[in-house]
Every structure is written in structure tokens, then in C-alpha cells.
Amino acid sequence: MALQCGIVGLPNVGKSTLFNCLSNAKAQAANFPFCTIEPNVGVITVPDDRLTKLAEIDSPQRVIPTTVEIVDIAGLVKGASKGEGLGNKFLANIRETDAILHVLRCFDDENVVHVDGTVNPVRDKEIIDYELQLKDLDTVERQLTKVQKQAQTGGDKQAKRLFDILMQYKTVLEQGKPARTVKLGNKDDVKLASDLFLLTDKPVLYICNVDEKSAVSGNAYVEQVRGAIKDEGADLLIVAAKIESEISELDTYEERQMFLEEMGLQESGVVRLIKSAYHLLDLQTYFTTGADESRAWTFTRGSKAPQCAGIIHSDFERGFIRAEVIKFKDYIALGSDAACREAGKLFVEGKEYVVQDGDILHFRFNV
């Protein structure tokens, strides 16, 4: 699944430094605005100890983890919604992503200039929010112009429903709230809304980039952000990008772990960020495993067996017969597919089976 999270933020908040830690792709990290002109894309491996354990049991020829794409998007300034700076390009690049990782500067450093002169993460957040909301409001108003007459006089039920949805979005956007605060009633409404591609309807994770001494517990800036987003239904993550950069340069896993322990951290910010991004997209993982390959597959929470089969190949979904399911804990406890079958821990499921995170699957199909 080619799912993308876009890293956004004002210039010089540390987003390109963070991206460099996440990916082997090296975005230019310089002390001036717009150092990232084109979006840099990194394919990021999602850490999962379960895949490691399966590989230890089956000793496969290949081990293939699941991934999420991270896109480092050019910084923006006030007026982006009207084309200021790199505004139009910035907004177009966000539109193509599935979720937003919004980096906020929560550290003081006189050697790193701030585009607005002072450090104020809530103000920075509001600048980007305002530009995205203005762009969404423009989108909504243009759509309203197209469907209003049809909805009010044409007897088109779908146009009437879309008109009502657009009016809900217009109301919240004019109140300075993101589109994602609108709660839609059913799947049909969600589908109509998704076709609008509203920027503020995307899920968002706020990343507070702090200094070294604030890496564990945060600081006053982080608490200001926490207060500002409390009604948004968004998550917050504390990361010290400068420290992450130092960790990424260490050669061995042992060295990195020692560094983290000295800092009082259990996991690096990069690992926590990748996991949070995966969760933000409402993704889960199922596995296939054997002598040839142990592999993690990404699926959207709530997907049924044929949909998950189709992730491997469209023929699997088209000709789906059944799914053979082993729970991860049973596979680890018994040590093989054959042992699970013998112990009655392999379950045969049909088209209505909702795949669970961690399931080990084998699909039967006929085309």
C-alpha cells in the first residue's frame, strides 16, 4: 500500500533534519527558508519485533518488513493559500499525502534563525492551520457554487447530501477549526467528503522538536502546544531532532541503545515517530511466513479477508476461496505451521472474516 505521511512546518523548525534521520534520502538541511524545494520521499521501514521472531523460527531466504512513505515538503510562509512563497506547490504536495506530520519548533537556539524572529510554536501552528483552512474554504465555496442550484431545485438527492456536507465544512472552517472536526453520519457521507480532498480533513500528528534536556519530559513550549490541540483529536509526540541525528550516525544497534539509555529513553524518537505515523493512518499488519519468505503486509483496520488477499495480488481477491489463519502467539508457542495445524490452532475463515493485527495468513484462491 503506497501510503504517505507528509512532514510539514515553517522554515527552520527541524523537519528536514528529522527527515534525514528517518530516511537514507538526504534532504538539504540548511539554516535558511525553502532549503527543501522539491518534496523528498523516503520509504521508511516500520519496526516490528513480531517479524523478527517469525524469521528466527522459519529461517527464510528473505525477510520483508512493511513500510510507510515519508515526504519532506517545502516550508511555507504566511500567504501560502494565495500563492506567497512556495505556497501553491506546498499545498499541492500536502494534498497528495494521506496524513500530516506537523513539526513545531519547541527549542531556543540563537544560532538557528526563526522566520518570524521569535520562538512560539502555537503561533507557528496557527499560521499553517490558517493557510490550510483558507485553501479548504476556497475549495468548499467553489463546490457549493457548483451543487447549490442542483441540490435546491433539481431533486438530486446526492447533490442535496453533498450540499449539506459542504455547509457543515463551511461552518467549521469559518470558525477557524479544521475540517476533521466535522463528524459525518455514514459511509456514503464519508465517501462524498473524501472526494473533496480537503487538507484539514487529513489526520495530523504534532511533533514537538525540543532541545536535548527536554527530550524525555518536554518543556513549557510542549505544554503550550498540548493545550492548543486538546480539542482537535490529534496526537502529540516529543522528539529531539538534533539528538536523533547523532543517534543515526552511530554504527551499531548496541551503541544506539547505550546512547538512548544514557538519555533516559527506551526508544528513539524516530522509532516512536514511525510507529505513530503507522497508527495515524489506522494501519495494521498481517504476516505470511515460510521457508522462502517472512513478510509483513499493511492493511487498513477493519479490512476483510478478500481485501487483505488483494494486497498481495488482485487475483487473490478476485478468486478468493478462504483464508487459513494462525494467531501470532500460537505460531510462536508451537513453532511451525504444521504444529499449529496438528494442535487445532489453524482456523479456516471465509469472505466475512475481519483480519486482525498480527494474524498469520495463507490464502486459497482460484482464478
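Provided above is the structure to which this section pertains.
Residues numbered from 1 in each chain as written. Predicted model: local features only at pLDDT ≥ 70, side-chain atom pairs only at ≥ 80, totals over all residues. Heavy atoms only, no water.

Novice: Could you give an account of the overall build of the protein chain, with specific residues and numbers?
Specialist: In terms of helices and strands, the protein chain carries 14 helices and 12 strands. The buried share of the protein chain, reckoned over its 367 residues, is 47%. Taking the intrachain contacts of the protein chain between residues at least 6 apart in sequence as the baseline, contacts between residues at least 24 apart amount to 69%. Accessible surface for the protein chain amounts to roughly 18300 Å². Of this, 49% is attributable to carbon and sulfur atoms. (Helix = DSSP H or I, 4+ residues; strand = E, 2+ residues; numbered from the N terminus. Buried < 20%, exposed > 50% of the residue type's maximum accessible area, 1.4 Å probe, protein only. Contact = heavy atoms within 4.5 Å. Areas by Shrake-Rupley, 256 points an atom, 1.4 Å probe, with all protein chains shown as cover.)

Novice: Could you give an account of the sheet that holds strand β5 (residues 99-105), naming the residues involved and the relevant values?
Specialist: In any sheet, the strands associate via hydrogen bonds between backbone groups, in a parallel or an antiparallel arrangement. Sheet architecture is open: six strands sit in the order β2-β4-β1-β5-β6-β7, paired in mixed fashion. Looking at which strands have only one partner, the edges of the open sheet turn out to be β2 (40-45) and β7 (235-239). Ignoring which end each strand starts from, the neighbouring axes of this sheet average 25° apart. Judged from the four bridges that link them, strand β1 (residues 4-8) and β5 form a sheet pairing that is parallel. Directly across from isoleucine 7, in β5, lies its bridge partner leucine 101. The sheet strands contacting helix α4 (residues 121-153) are β5 and β6 (204-209), and the helix crosses β5 at an angle near 145°. Along the sheet face, helix α7 (residues 220-228) touches β5, β6 and β7 and points at about 170° away from the line of β7. (Pairing = 2+ DSSP bridges. Axes fitted to C-alpha atoms, helices over the stretch in contact; angles between N-to-C directions.)

Novice: Describe the packing of aromatic side chains, and please don't skip the residues or the numbers.
Specialist: Counted under the stated rule, the structure contains six aromatic pairs. Ring centres 5.9 Å apart and planes at 45° place the aromatic pair tyrosine 286 and phenylalanine 299 in the tilted group. Highlighted residues: tyrosine 286 in strand β8 (residues 283-289) and phenylalanine 299 in strand β9 (residues 293-300), separated in sequence by 13 residues. For the residue pair tyrosine 286 and phenylalanine 299, the accessibility class agrees, reading buried in each case. Ring centres of phenylalanine 287 and phenylalanine 328 lie 6.4 Å apart, and the angle between their planes is 40°; on these two criteria the pair is classed as tilted. With phenylalanine 287 in strand β8 and phenylalanine 328 in helix α13 (residues 328-334), this residue pair connects regions lying 41 residues apart in the sequence. For the pair phenylalanine 287 and phenylalanine 328, a shared accessibility class is recorded, and that class is buried. Each member of the aromatic cluster is reached from another via a ring pair, and the members are Tyr286, Trp297, Phe299, Phe320 and Phe363. Geometry around phenylalanine 107 places arginine 105 over its ring, the cationic atom sitting 4.5 Å from the centre. (Phe/Tyr/Trp six-rings, centres within 6.5 Å; stacked < 30°, edge-to-face > 60°. Lys NZ or Arg CZ within 6 Å of the ring centre and 35° of its normal.)

Novice: Can you lay out the pairing of β5 for me, pointing to particular residues and giving the numbers?
Specialist: Most of β5 sits out of view: seven of its seven residues are buried. Judged by which residues are buried, β5 turns out to be covered on both faces: Ala99, Leu101, Val103 and Arg105 on one side and Ile100, His102 and Leu104 on the other are all buried. Direction of pairing for β5 relative to β6: parallel, over a ladder of six bridges. Its bridge partner being in β6, leucine 101 is matched across the sheet by leucine 205.

Novice: Got a sec to walk through the pairing of β9? Specific residues and values, please.
Specialist: Across the eight residues of β9, six count as buried, placing the element largely inside the fold. Taken together, the three bridges between strand β3 (residues 62-64) and β9 define a ladder with parallel strand orientation. If you follow arginine 62 over to β9, its bridge partner there is glutamate 293. Linking β8 back to β9 in an antiparallel pair, the connection comprises three residues.

Novice: Pulling in residues and values, what's your account of the side chain of threonine 66?
Specialist: Along the chain, threonine 66 turns up in the loop between β3 and β4 (67-72). Ignoring anything within four residues of it in the chain, the contact list for threonine 66 reads Ile44, Thr45, Val46, Tyr278, Thr285, Ala296, Trp297 and Thr298.

Novice: Account for the packing of helix α1 (residues 15-22) against helix α10 (residues 269-280), with residues named and values stated.
Specialist: Contact pair α1 / α10: the axes reach a minimum separation of 10 Å and the direction vectors enclose 90°. Classified by the interaxial angle, the pair formed by α1 and α10 is roughly perpendicular. Across from Leu18, Cys21 and Leu22 in α1, the residues of α10 making contact are Val270, Leu273 and Ile274. Of the residues contributing to the contact of α1 with α10, the split by class is six nonpolar, no polar and no charged. (Parallel < 35°, antiparallel > 145°, perpendicular 65-115°, else oblique. Nonpolar A, V, L, I, M, F, W, Y, C, P; charged D, E, K, R; others polar.)

Novice: Please provide a residue-by-residue account of the state of the cysteines, values included.
Specialist: Enumeration over the complete set of coordinates arrives at zero disulfides. Summary of cysteine pairing: cysteine 106 is not part of a disulfide, and the nearest cysteine sulfur, belonging to cysteine 208, is at 3.8 Å. (Disulfide = S-S within 2.5 Å.)

Novice: Explain the nonpolar core residue by residue, including any values.
Specialist: Counting 59 residues, the largest nonpolar core has Ile70 and Leu101 as the members making the most contacts within it. If one sorts the elements of this core by residue count, α10 sits on top with six residues. Counting residues in hydrophobic clusters, the runner-up holds 19 residues, among them Ala151, Ala159, Phe163 and Val172. (Core = buried A, V, L, I, M, F, W, Y, C linked by side-chain atoms within 4.5 Å.)

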